[in-house]
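# Residue-level structure breakdown
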Amino acid sequence: MFRKTLLAASLVLAGATATQAATMEDVERSFYPYEDGVPTVDGLTPGTVVTAGNVDQFKEALDPALYQHIKDGWVEITVGETTSFDLHPNYVQATRDAVGEVSLGDSLGQINGFVAGRPFPEEPSLDDPRAGEKLAWNYRYGYNWGDNAAIYPFYWRYRDMDSGKVERTIKFNFHFLNYMHRVNQPPVPEFEDNPSELFRAIYVQVLEPFDVKNTQLLIHRHDDDQVADNTWLYLGFQRRVRRLASGQITDSFLGSDLMIEDFEGYNGRLSDMNWSYKGTENILLPFYNHNDMELATDLEDPEGYQFVDFGGKGGCFPEITWQLRKVYVLESDPVDDNHPISKRVHYVDAQTFTLPRTLTYDRKGDLWKSWTIGQAHPDHHLPKNKGTGVSIDDAFSMIDVQASHCTTGQFKGQVDPELNPVKLFSVQNMRATGR
């Protein structure tokens with residue numbers, strides 16, 4: 001009896017230790033993980049090219065899908081210097097101001113005491129059964145695109161991996177706006193006129209080609225994660241707005257290899273997934289300085305901006321450098337058994353809490369899609385992005401490894417509030433724009 005009691009007490013103590021409130025030291029370690037040095041792997045130095053011939057030497061520094069892509073000769077990647085992507089000081093300060101005040105609710109999708117910043121800056125623990133959920137909250141309330149930004153314009157290309165043929169090119173504008181938990185751009189901390197208590201909105205407009213021109217997508221995400229998103233689609237040829245059912249966000253979006261739920265790495269409610277923390281690793285992630293890359297010359301921009309280029313098998317891989325970075329491995333599996341996937345494995349950048357690499361597995365548990373979102377340093381990008389503290393989404397590649405097909409994205413990301421007026425994020429705007 002004494003031994004059972006002692007064991008029970010030990011488990012309670014371990015759980016209590018794992019869920020202790022964050023400290024100021026946790027905040028500093030969370031935002032500045034390379035203050036005392038960067039991760040290293042023997043032989044993996046800036047300038048190293050990882051190829052099919054040497055990839056086994058660096059297997060520990062690669063996620064399993066990227067390892068296989070290189071092993072199969074689909075791509076070679078060049079290692080860049082690991083650099084700090086410092087987020088905006090206001091976001092860091094908001095995190096400091098809330099230290100010890102934020103906690104999880106009793107059920108998935110509930111959070112208490114959150115105002116702004118990073119909700120859970122403490123290091124995750126495998127002994128904490130809800131560590132994955134905390135990491136997911138850090139992503140949801142991360143500084144991805146800041147308080148608002150636009151990808152203006154945004155090119156998607158649909159590619160056959162075997163032939164290399166570009167089957168289709170779609171030109172979009174994407175817009176993002178946070179209604180609440182704002183830290184930098186006025187109004188701070190939130191818009192006063194927000195009766196639906198929205199946290200965030202995404203607005204998408206197709207500019208070309210003609211057959212899908214003026215297709216529009218609008219997503220309203222509530223601050224209460226347990227309230228379903230409101231999602232609308234405007235189809236130009238129908239000239240009407242229709243509401244999307246929740247299941248439709250897992251359909252192919254405009255015939256691409258992406259679901260709406262894939263946007264930004266994961267674009268859904270936390271309460272739609274079970275979240276599990278699987279450990280911390282040092283692996284290569286697509287972080288780089290945009291202006292230092294050899295950029296594409298086949299897309300014209302009136303301001304002279306050049307987009308990231310693509311190469312590798314089928315032209316499905318961004319031609320960028322990769323940094324060895326601290327990563328949290330986060331697994332999400334759908335609450336709904338009818339979901340088309342069995343799980344996603346997200347490789348979360350520990351400093352920015354962006355999702356630069358995500359592997360998606362089908363219902364049988366086989367690898368289905370390999371998702372890369374390139375992260376550009378804001379100080380080596382467009383002049384307007386300098387000093388914003390936003391890790392700029394700069395290029396993407398969604399590879400369907402089973403269909404040997406990919407969709408690639410080339411961004412002109414702009415942290416510019418003038419491009420994102422509130423009126424843009426309304427159903428009324430969709431109707432007016434569609435006329």
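You'll find the structure just up there.
Report on the accompanying structure.

Bringing the environment of Pro119 into the picture now. Residue placement: Pro119 occurs in the loop between β4 (111–112) and α5 (131–140). In sequence terms Pro119 and Trp137 are 18 residues apart; their C-alpha atoms lie 6.8 Å from each other. When sequence neighbours within four positions are dropped, the list of residues in contact with Pro119 reads Val102, Ile111, Phe114, Trp137, Asn138 and Tyr141.

Along the chain, the position of Met398 falls in strand β19 (residues 392–400). Given a relative accessible area of 0%, Met398 falls into the buried group. Separated by 36 residues in sequence, Met398 and Asp362 have C-alpha atoms that sit 15 Å apart. Every residue in contact with Met398, bar those within four places of it in the chain, is listed here: Asp257, Leu258, Asp262, Lys369, Ser370, Trp371, His405, Cys406 and Thr407.

Scanning the entire structure with this criterion turns up 22 salt bridges. Between Glu261 and Arg344 there is a salt bridge, with the nearest N and O atoms lying 2.9 Å from each other. Remark: Arg344 occurs in strand β16 (residues 341–349) and Glu261 occurs in the loop between β10 (240–243) and β11 (273–285); sequence separation between them is 83 residues. A residue is classified by how much of its surface remains accessible, and Arg344, at 0% relative accessible area, is buried. Measuring nitrogen to oxygen at the nearest pair gives 3.9 Å for the salt bridge that ties Asp366 to Lys364.

In the structure shown here, the tally under the stated rule is 30 aromatic pairs. A ring pair is formed by Trp137 and Tyr141, whose centres lie 5.6 Å apart and whose planes are at 20°; its orientation type is stacked. Exposure class is identical for Trp137 and Tyr141. Each is buried. Summarising the aromatic geometry, the rings of Trp156 and Phe172 are spaced 4.7 Å apart at their centres and angled 55° between planes, so their arrangement reads as tilted.

Right, let's talk about the side chain of Arg157 for a bit. You can see Arg157 is positioned in strand β5 (residues 148–160). A distance of 3.0 Å separates a polar atom in the side chain of Arg157 from a polar atom in the side chain of Asp298. Contacts of Arg157, omitting those with residues within four sequence positions, involve Val166, Arg168, Thr169, Asp298, Leu299, Cys406, Thr407, Thr408 and Gln410.

This next bit is on the packing of helix α2 (residues 24–31) against helix α4 (residues 89–97). Orientation of α2 relative to α4, taken along the N-to-C sense of each, is 155°, at an axis distance of 10 Å. What the angle tells us is that α2 and α4 run roughly antiparallel. Crossing of α2 against α4: the hand is right-handed. Here Met24, Val27, Glu28 and Phe31 of α2 come into contact with α4, specifically with Tyr91, Val92, Thr95 and Arg96. Of the residues assigned to the contact of α2 with α4, the class counts are five nonpolar, one polar and two charged.

What is meant by a disulfide is a covalent connection between two cysteines, made through their sulfur atoms. All told, the structure shown has one disulfide when counted by the stated rule. Between the sulfur of Cys316 and that of Cys406 lies a disulfide, 2.0 Å long from S to S. Around the S-S axis, the bridge from Cys316 to Cys406 shows a dihedral of about -85° and counts as left-handed. Placement of Cys316 in the loop between β13 (310–311) and β14 (317–318) and of Cys406 in strand β20 (residues 405–414) is noted, with a sequence separation of 90 residues between them.

Conventions adopted
One numbering rule holds for all chains: residues counted from 1, following each sequence as written. Only residues with pLDDT of at least 70 get local features here, since the model is predicted, and only at 80 or more are side-chain atom pairs given and counted; chain-wide, interface and lining totals rely on the full set of residues. With hydrogens and water stripped out, all remaining heavy atoms of the structure feed into the side-chain values. Only DSSP runs of H or I covering at least 4 residues are called helices, and only runs of E covering at least 2 are called strands; the numbering of each starts at the N terminus. What makes two residues a contact is simply this: any of their non-hydrogen atoms within 4.5 Å. Exposure is judged per residue with a 1.4 Å probe applied to protein chains only, and the accessible area is read against the type maximum: over 50% gives exposed, under 20% gives buried, and values in between give partly exposed. We define a salt bridge as a contact between a side-chain nitrogen of Lys or Arg and a carboxyl oxygen of Asp or Glu at a distance within 4 Å. Note on aromatic contacts: the rings of Phe and Tyr and the six-membered ring of Trp form a pair at centre separations within 6.5 Å, being stacked when their planes are under 30 degrees apart, edge-to-face when over 60 apart, and tilted otherwise. What qualifies as a polar contact is a pair of N or O atoms within 3.5 Å, subject to a donor-acceptor requirement within protein and to the restriction that residues adjacent in sequence count only when both atoms come from side chains. For helices, the axis comes from a line fit to the C-alpha atoms of the stretch in contact; other axes are also lines fit to C-alpha atoms, and the angle between any two N-to-C directions lies between 0 and 180 degrees. Reported orientations rely on four angle classes, namely roughly parallel under 35 degrees, roughly antiparallel over 145, roughly perpendicular from 65 to 115, and oblique for the rest. Whether a crossing is left-handed or right-handed is set by the direction in which the near helix is turned from the far one by less than a right angle, anticlockwise for left-handed and clockwise for right-handed. In this count, Pro and Cys sit with the nonpolar residues alongside Ala, Val, Leu, Ile, Met, Phe, Trp and Tyr, while Asp, Glu, Lys and Arg are called charged and the others, Gly among them, polar. Note on terminology: pairs of cysteine sulfur atoms within 2.5 Å are recorded as disulfides.

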